[in-house]
Amino acid sequence: MTHPQPGAPVRIAIIEDEPAVRRYFMQIMGMAEAHDVIAMAPDLATGRGLIALQPDLFLMDIGLPDGNGYDLVPEIKAGCAAKVLIISSFGDRETVVKALGAGADGYLLKDSTPQQILDGIAITLDGGAPVSPAAAVYLLDLLRAPPPAPQGAPDNALDDRLTIRETELLRAFAEGKSYKEAARALGISPHTVGTHVKAIYRKLEVNSRSDAIRQAFHK
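Given the structure is predicted, the values throughout are model-derived calculations rather than measurements. (Residues numbered from 1 in each chain as written. Predicted model: local features only at pLDDT ≥ 70, side-chain atom pairs only at ≥ 80, totals over all residues. Heavy atoms only, no water.)

A word on the pairing of strand S3 (residues 57–60)
Two faces, one strand: in a regular strand the side chains alternate between the faces of the sheet. Along S3, one buried face is formed by Leu 57 and Leu 59 and the opposite face, lined by Phe 58 and Met 60, is buried too. Pairing geometry for strand S1 (residues 10–15) and S3, over four bridges, is parallel. Of the residues in S3, the one forming a bridge with Ile 14 is Leu 59. Bridge count for S3 against strand S6 (residues 83–88) is four bridges, and the pairing is parallel. Residue pairing in the sheet places Leu 59 in a bridge with Leu 85 of S6. (Buried < 20%, exposed > 50% of the residue type's maximum accessible area, 1.4 Å probe, protein only. Helix = DSSP H or I, 4+ residues; strand = E, 2+ residues; numbered from the N terminus. Pairing = 2+ DSSP bridges.)

This is the structure in structure tokens:
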């Protein structure tokens, strides 16, 4: 997981072409003393240069003047350890799935409240995958209708390596549920959730919930 050093602010880079929206994001970051916006960029070309700054988190738009924001995500992941939280006005299925498939760690819509954005940042840094409800419906569609599993795989499993319970847990995480919320929804203890999560990470060869969800989607 990506965490700043204890006591250090979260170093945030913003890639957004609209000046008014950049100012709005700055105001939101100002609500939390632990957030430090270290740089901003209005397009992909300029944003590419921010990777060398090694921020903890990128807040990034999709519709930029010189391309789609999700096209830069693989470069960010290859060049630094930063998490990527998309904040966009585009909530269509194709865009959401492409962004998360490219490696984005979360996807919020621009009509999210300031607190929802701050919560999304915290969840992302903690290894979660925050997704606005209007965008999450597309991911849930994929979860409800997974491709046919190989013969002998557990019924209703999203990935043939996962048990039905582990698949249910991934569904809960895709809905944005925390460990405690997932435990309540599945009628199990948080400790048992942790045990299942470790098994999921081992089977899918990942080390975060967002990576596990992405890996499962592509199976």
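With respect to unusual backbone geometry
Of note, Gln 54 is a non-glycine position whose phi angle comes to about 55 degrees, a positive value. Its place among the elements puts Gln 54 in the loop between helix H2 (44–48) and S3. Positive phi, normally seen in glycine, also occurs at Glu 205, with a value near 60 degrees. Inspection of the secondary structure assignment puts Glu 205 in the loop between helix H9 (190–204) and helix H10 (209–217). The exposure class assigned to Glu 205 is exposed, which follows from its relative accessible area of 70%.

Brief notes about helix H8 (residues 179–186)
Residues separated by three or four positions in an α-helix point in the same direction, a consequence of the helix having 3.6 residues per turn. Along H8, the residues that are buried comprise Ala 182, Ala 183 and Leu 186. Projected down its long axis, H8 carries its buried residues within an arc of 100 degrees, all on one side. Set apart from the buried face of H8 by more than 90 degrees, the exposed residues are Lys 180 and Arg 184. At its buried positions, H8 is contacted by helix H7 (164–174) and H9. (Arc of directions from axis to C-beta. Contact = heavy atoms within 4.5 Å.)

Description of H9
An ideal rise of 1.5 Å per residue puts 21 Å on 15 residues; H9 measures up with 21 Å between its terminal C-alpha atoms. Turning to H9, its buried residues number three or more, namely Val 193, Gly 194, His 196, Val 197, Ala 199, Ile 200, Tyr 201 and Leu 204. Just past H9, the residue Glu 205 takes up positive phi, approximately 60 degrees. (Expected span 1.5 Å × (residues − 1).)

What to know about the nonpolar core
Proteins that are soluble and globular tend to have nonpolar side chains buried together. Grouped together as the largest cluster of nonpolar side chains are 28 residues, with contacts concentrated most on Ile 15, Phe 58, Met 60, Ile 76, Ile 86 and Tyr 107. For this core, the elements supplying multiple residues, two or more each, are S1, strand S2 (35–41), S3, helix H3 (73–79), S6, helix H4 (93–102), strand S7 (106–109) and helix H6 (133–144). Considering every element that reaches this core, the biggest residue donor is H4, with three residues. One finds Leu 170, Leu 186, Ile 213 and Ala 216 within the second-largest nonpolar core, a separate group that totals 20 residues. (Core = buried A, V, L, I, M, F, W, Y, C linked by side-chain atoms within 4.5 Å.)

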